[in-house]
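So you can see what is in the structure, the chains are spelled out below.
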Amino acid sequence: QVELVQSGGGLVQPGDSLRLSCAPSGGSLPPYTVAWFRQAPGKDREFVAAVRWLGGGLKYADSVQGRFTVSRNNARDTLNLQMDKLRPDDTAVYYCAASTKPILELLLDSKYDLWGQGTQVTVSS
């Protein structure tokens, strides 16, 4: 059974950058859609960004468009999230996710089968 292992995260000031990574353990990343979600205290988990399968392109939440960059490195078998111009409202636990079959509703967390352990990102002055 493949598990997703996350790295990165931490405490930064507004305007700073952070990079999150997600790598599989016990196998490879499935060749389907992979994504990042986040959950702030007292809020539901929300979609952040995704890499669609079969070269279908990238998708971002409006709140991170232009500041975050999602990428999949097939050579290293990793999923990354570069977060620039961080704001206090980006504070959350971030999760990587992967689907093990083709999906269309990439914004729905229920469509993903594999999840990372979560990484805290705190943006505060």
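You'll find the structure just up there.
Residues numbered from 1 in each chain as written. Predicted model: local features only at pLDDT ≥ 70, side-chain atom pairs only at ≥ 80, totals over all residues. Heavy atoms only, no water.

(A) Focus on the environment of Val 5. Looking at where Val 5 falls in the secondary structure, it is placed in strand S1 (residues 3–8). Note on Val 5: relative accessible area 42%, which makes it partly exposed. Once you skip the residues sitting within four places of it in the chain, Val 5 turns out to touch Ser 21, Cys 22, Ala 23, Ser 25 and Gln 117. (Helix = DSSP H or I, 4+ residues; strand = E, 2+ residues; numbered from the N terminus. Buried < 20%, exposed > 50% of the residue type's maximum accessible area, 1.4 Å probe, protein only. Contact = heavy atoms within 4.5 Å.)

(B) How the structure looks around the pattern of salt bridges. Under the counting rule described, the total for this entry stands at 6 salt bridges. Arg 38 is the salt-bridge partner of Glu 46, the closest N and O atoms lying 2.6 Å from each other. Asp 109 is the partner of Arg 45 in a salt bridge, and the nearest nitrogen-oxygen pair spans 3.2 Å. Taken together, the residues Arg 45 in the loop between strand S4 (34–39) and strand S5 (46–51) and Asp 109 in the loop between strand S9 (92–98) and strand S10 (114–115) connect sequence positions 64 residues apart. Look at Arg 45 and you get partly exposed, because its relative accessible area is 31%. For Asp 109, a relative accessible area of 25% translates into the label partly exposed. Linked through salt bridges whose partners overlap, the residues forming this network are Arg 38, Glu 46, Arg 67 and Asp 90. (Salt bridge = Lys/Arg side-chain N within 4 Å of Asp/Glu carboxyl O.)

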